[in-house]
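These are the residues of each chain, in order.
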Amino acid sequence: MACTGCGEVYRRRYPSQVCGRCNGILEVRYNAAGKAGHALASFWDYENVLPKGRYKHYEVGMTRIIRSHGNANLFFKLETDNPTRSFKDRGSVIEVAKAKEYGYDELVCASTGNMAYSIAYYSKLYGMRVKVFISGNANIDKMRDIRGVGDADITKVRGDFSAAQERASEYAKRRNVFLSGDYCYRKEGQSTVAYEIMAQARNATHIIVPVGNATLISGILKGLGRMEESGELRTMPKVIAVQSTSCMPFVRAFKKGRKIKYEEPKTDADAIAVGMPTFGEQAILGLKEHGGCAVAVSDREMKKAQESFYRDYGIVAEMGGAASIAAARQLKFKEDDLAVAVVSGGNV
Ligand code: F0G
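Residues numbered from 1 in each chain as written. Predicted model: local features only at pLDDT ≥ 70, side-chain atom pairs only at ≥ 80, totals over all residues. Heavy atoms only, no water.

(A) Structural detail: the side chain of Ser180. Take Ser180: it is sitting in the loop between strand E8 (178-179) and helix H5 (184-190). Judged by its relative accessible area of 2%, Ser180 falls in the buried class. (Helix = DSSP H or I, 4+ residues; strand = E, 2+ residues; numbered from the N terminus. Buried < 20%, exposed > 50% of the residue type's maximum accessible area, 1.4 Å probe, protein only.)

(B) Highlighting the site of the ligand. The environment of the ligand is made up of 20 residues, and the closest members are Ser111, Gly212, Asn213, Ala214 and Ser344. Thr215 is positioned with one of its backbone polar atoms (N or O) 3.1 Å from an oxygen atom of the ligand. Bound to the protein, the ligand loses 100% of the 480 Å² it would expose on its own. With respect to the pocket detection grid, the ligand is positioned in the largest cavity. Mapped by element, the contributors of at least two residues to the shell around the ligand are helix H2 (114-126) and helix H7 (215-229). Residue classes in the shell around the ligand are distributed as 8 nonpolar, 9 polar and 3 charged. (Near = heavy atom within 4 Å. Polar contact = N/O pair within 3.5 Å; in protein donor to acceptor, adjacent residues only side chain to side chain. Areas by Shrake-Rupley, 256 points an atom, 1.4 Å probe, with all protein chains shown as cover. 1 Å grid on protein atoms, 1.4 Å probe; cavity = no way out; pocket = protein on both sides within 12 Å on 5 of 7 lines; lining within 4 Å. Sits in = over half its atoms within 2 Å of the grid points. Nonpolar A, V, L, I, M, F, W, Y, C, P; charged D, E, K, R; others polar.)

(C) Region of interest: the sheet that holds strand E5 (residues 106-111). Read from one edge of the open sheet, 4 strands run E7-E6-E5-E8, paired in parallel fashion. At either margin of the open sheet sits one strand with a lone partner, and together these are strand E7 (153-156) and E8. Looking at chain direction, E5 and strand E6 (residues 129-134) are connected through 6 bridges and run parallel. Following the sheet pairing, Ala110 is matched in E6 by Phe133. Along the sheet, H2 makes contact with E5 and E6, crossing E5 at roughly 165°. Sitting on the sheet, helix H3 (residues 140-149) touches E6 and E7, and the angle it makes with E7 is about 160°. (Pairing = 2+ DSSP bridges. Contact = heavy atoms within 4.5 Å. Axes fitted to C-alpha atoms, helices over the stretch in contact; angles between N-to-C directions.)

(D) Structural detail: the sheet that holds strand E10 (residues 238-244). One open sheet holds the 6 strands; their spatial order is E3-E4-E12-E9-E10-E11, and the pairing between them is mixed. Across the chains shown, the open sheet's two edge strands, defined by having one partner strand only, are strand E3 (65-67) and strand E11 (293-297). Adjacent strand axes in the sheet meet at a mean angle of 25° when their direction is disregarded. Sheet analysis places E3 next to strand E4 (residues 74-78), joined by 3 bridges and oriented antiparallel. Pairing of Ile66 across the sheet is with Phe76, part of E4. Strands E4, strand E9 (206-210), E10, E11 and strand E12 (339-343) of the sheet are contacted by helix H11 (residues 323-330), whose axis makes an angle of about 105° with E11.

(E) How the structure looks around the nonpolar core. Ile217 and Phe250 are the most contacted members of the largest nonpolar core, which has 57 residues in total. Among all residues touching Ile217, those that are not within four sequence positions of it are Val209, Val211, Val239, Ala241, Ala283 and Leu287. The next biggest cluster of nonpolar side chains, apart from the first, holds 40 residues, and it includes Val60, Val93, Ala120 and Ala138. (Core = buried A, V, L, I, M, F, W, Y, C linked by side-chain atoms within 4.5 Å.)

This is the structure in structure tokens:
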């Protein structure tokens, strides 16, 4: 693993996801043992392109992709199909296994809700204890879901996600507990969304992704990059980041070409109410190199997209999960375009 901040390199079995020297985020570096291919039977068919680990093959991923009724150029990738109804499961199933492999029996994470639910779920399967710090704006359904898994020790903090993150980080240090959440192993697991999309919609020209901490989009960019390197892509789809106009530190920094500044989240899209995206700088660099773009949609547009999605398909997307649907409505499609909106979660 290498630190994306100071460049420090950690050889095998460094049992943390943050740099011991500068607290920066680490990047897992490894040679994938093959191609992602077009496996569509099981998430675990992608194990050869994930970091080596002692993974138990729990159910995850392999989510449906459906065509829009009203627009032949648009598909929806239904991450709501995952066991805890968000893409987070792809990352948690890897991250929790790593914590176990490193000899921990407890994990801690900060979350706006979905990640905590997902980590609690896989921790239970792995027989691990879990402590979660949830941002104050988390919706009651998510709180109930996390409680429903049982066993998780839950603290709802007074502040936003950034405040929860501080608490989790401090807890991990003080108690020598595995710090989980938006870190390097999660990013690897989440890269599998890109493999599935390119297997299900080989001619995809655009992938639209809701952004909070920017871990999902970083994973997708890494997955696409890996597929390009191994000659598996016909064309490189353009990745489009989406935030709420009421919380858009990523979009603002991307557009203005400056560093990300903390922004107090004011959006009702609680999942993506993140004022200082952990993977933000890395994702902006990646997105610029890749030729992608970043857009913002209003809370009202997300709400409308959420409601019409439920009406038209009977599928529950939460506001943050429907940000991509709202953004797709603003796109002007050309004849050969094939956009995939990642409907990232449905916990409401
Ligand atoms: N969509 C949903 C449904 C989410 O829960 C999140 C993030 C995102 C999109 C954004 O993904 O953070 O990788 O850019 N939720 C986190 C959580 C913050 O704690 O559940 P990201």
